[in-house]
Amino acid sequence: MNWDDTTDTTDGTAAERLVGSVADGEDQAVEAALRPKDLGEFIGQEKVREQLDLVLRAARARGATADHVLLSGAPGLGKTTLSMIIAAEMGAPIRITSGPAIQHAGDLAAILSSLQEGEVLFLDEIHRMSRPAEEMLYMAMEDFRVDVIVGKGPGATAIPLELPPFTLVGATTRAGLLPPPLRDRFGFTAHMEFYEPAELERVVHRSASLLDVEIDTAGAAEIAGRSRGTPRIANRLLRRVRDYAQVKADGVITRDIAAAALAVYEVDARGLDRLDRAVLQALVKLFGGGPVGLSTLAVAVGEERETVEEVAEPFLVREGLLARTPRGRVATPAAWAHLGLAAPGSQGGGNGQQDLFGA
């Protein structure tokens, strides 16, 4: 069970969605209490856990600090949680900051110079760090030293500052934006995958136990199936279903109670919410399945272009409900089926497939 990441969005839409993967203040408070403390408690990400366990055990056996670690993946999959587990497994303190908070090289120098030996520095959204700070980080990661510039202009002097060995854990939702020199300095790189429903069921059961919520297997499966492969969303849905069960039922979460609760919150059986369905309905009912331009689609649903592109589309594409083609957005046959409609043979899915594969 792993919930983390506080990724910024283009507007407030993602943070307000029940199925959004961005953590708000309430999420962060609950997550702090529910986070696993070691790799044994961490659910899912089997390969990453196995590989990371080897890295940390070897470092402890050598009596050395662990290699720098880069964790990439969508928000809510466990990057912050793993960084805290790394520190706990190494018996070291952890310092937490983020790329957007480091705007100048001096900001990074102040953080690095105050680290203790063996300390873990967690740098969230590392791809959003400023370029001068990024270049300073190269030397700090490789040689454990930084050059502090004193003065300005021709009289400026670089004073080398030795740093104690430390472990940098970088987290990013967009690994492709990291420059190769920075990626190459990480000794261990892991990509966090979306969770399978069975794994999310385990997340829901563990979470319910910690929250003192009674839930049966079918209820947990219903919540897991609507959680979009993301533990943070499963955790959030569980809290909302718990509220419904306490007010409308006897407090026990069953499949029927979970389904009824999530119907109130407009989260359907596939995990789509109001915005997702609005995009699909506009695409299918107003434009015959497409192709249609992104700006036109955004106007049709009354949202900003960036909201549709960055908040709604990624999940719809991943679920195979929408295709991005050179001519515009196209509803797939699965989208028509999800809305309970029959896809026209010569429109919707047909044109979409031709556009998608280069006709």
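Check the entry above for the structure.
Here the structure is a predicted model, which is why all the values come from computation and not from measurement. (Residues numbered from 1 in each chain as written. Predicted model: local features only at pLDDT ≥ 70, side-chain atom pairs only at ≥ 80, totals over all residues. Heavy atoms only, no water.)

Draft legend 1. Quick peek at the sheet that holds strand E3 (residues 120-124). Taken together, the five strands give an open sheet; going across it, the order is E2-E3-E6-E1-E7, and neighbouring strands pair in parallel fashion. Edge positions in the sheet fall to strand E2 (94-98) and strand E7 (188-191), since each of these pairs with one other strand and no more. Averaged over all pairs of adjacent strands, the angle between strand axes in this sheet comes to 15°, irrespective of strand direction. Here four bridges tie strand E1 (residues 69-72) to strand E6 (residues 167-172), and the two strands are oriented parallel to one another. Across the sheet, residue Ser72 finds its bridge partner in E6, namely Thr172. The strands that helix H4 (residues 79-90) touches are E1, E2, E3 and E6; relative to E3, the one it contacts most, it runs at about 175°. (Pairing = 2+ DSSP bridges. Helix = DSSP H or I, 4+ residues; strand = E, 2+ residues; numbered from the N terminus. Axes fitted to C-alpha atoms, helices over the stretch in contact; angles between N-to-C directions. Contact = heavy atoms within 4.5 Å.)

Draft legend 2. Geometry of the pairing of strand E11 (residues 328-331). Bridge analysis of strand E10 (residues 322-325) against E11 gives four bridges, and the strand direction is antiparallel. Among the inter-strand pairings, Ala323 is bridged to a residue of E11, identified as Val330. In sequence, E10 turns back onto E11 through a hairpin of two residues.

Draft legend 3. Just the nonpolar core, in detail. Counting residues in each nonpolar core, the largest one holds 47 residues, and the members touching the most others are Leu52, Leu82, Ile215, Ile223 and Ile253. At seven residues, helix H10 (residues 231-248) tops the list of elements feeding residues into this core. Ignoring anything within four residues of it in the chain, the contact list for Ile223 reads Val204, Ile215, Ala234, Leu237, Leu238, Val241, Ile253 and Ala258. By size, the runner-up hydrophobic cluster in this structure holds 24 residues, among which are Ile102, Leu123, Met141 and Leu182. (Core = buried A, V, L, I, M, F, W, Y, C linked by side-chain atoms within 4.5 Å. Buried < 20%, exposed > 50% of the residue type's maximum accessible area, 1.4 Å probe, protein only.)

Draft legend 4. View of the pairing of E1. By the alternation rule, side chains of E1 split into Val69 and Leu71 and Leu70 and Ser72, which are all buried. For E1 and E7, the ladder comprises four bridges, and the chain directions are parallel. Within E7, the position partnered with Leu70 by the bridge is Thr189.

Draft legend 5. Broad picture of helix H5 (residues 105-113). Residues of H5 that are buried include every one of Leu108, Ala109, Ile111 and Leu112, and no others. The buried residues of H5 occupy one face: seen down the axis, they fall within an arc of 165°. (Arc of directions from axis to C-beta.)

Draft legend 6. The arrangement of the environment of Glu313 in detail. Tracing the sequence through the fold places Glu313 in helix H14 (residues 305-318). For the pair formed by Glu313 and Arg329, sequence separation is 16 residues and the distance between their alpha carbons is 9.6 Å. Once residues lying within four places of it in the same chain are set aside, the contact partners of Glu313 are Leu294, Val308, Leu322, Arg324 and Arg329. Polar side-chain contacts of Glu313 include one of 2.8 Å to the side chain of Arg324. (Polar contact = N/O pair within 3.5 Å; in protein donor to acceptor, adjacent residues only side chain to side chain.)

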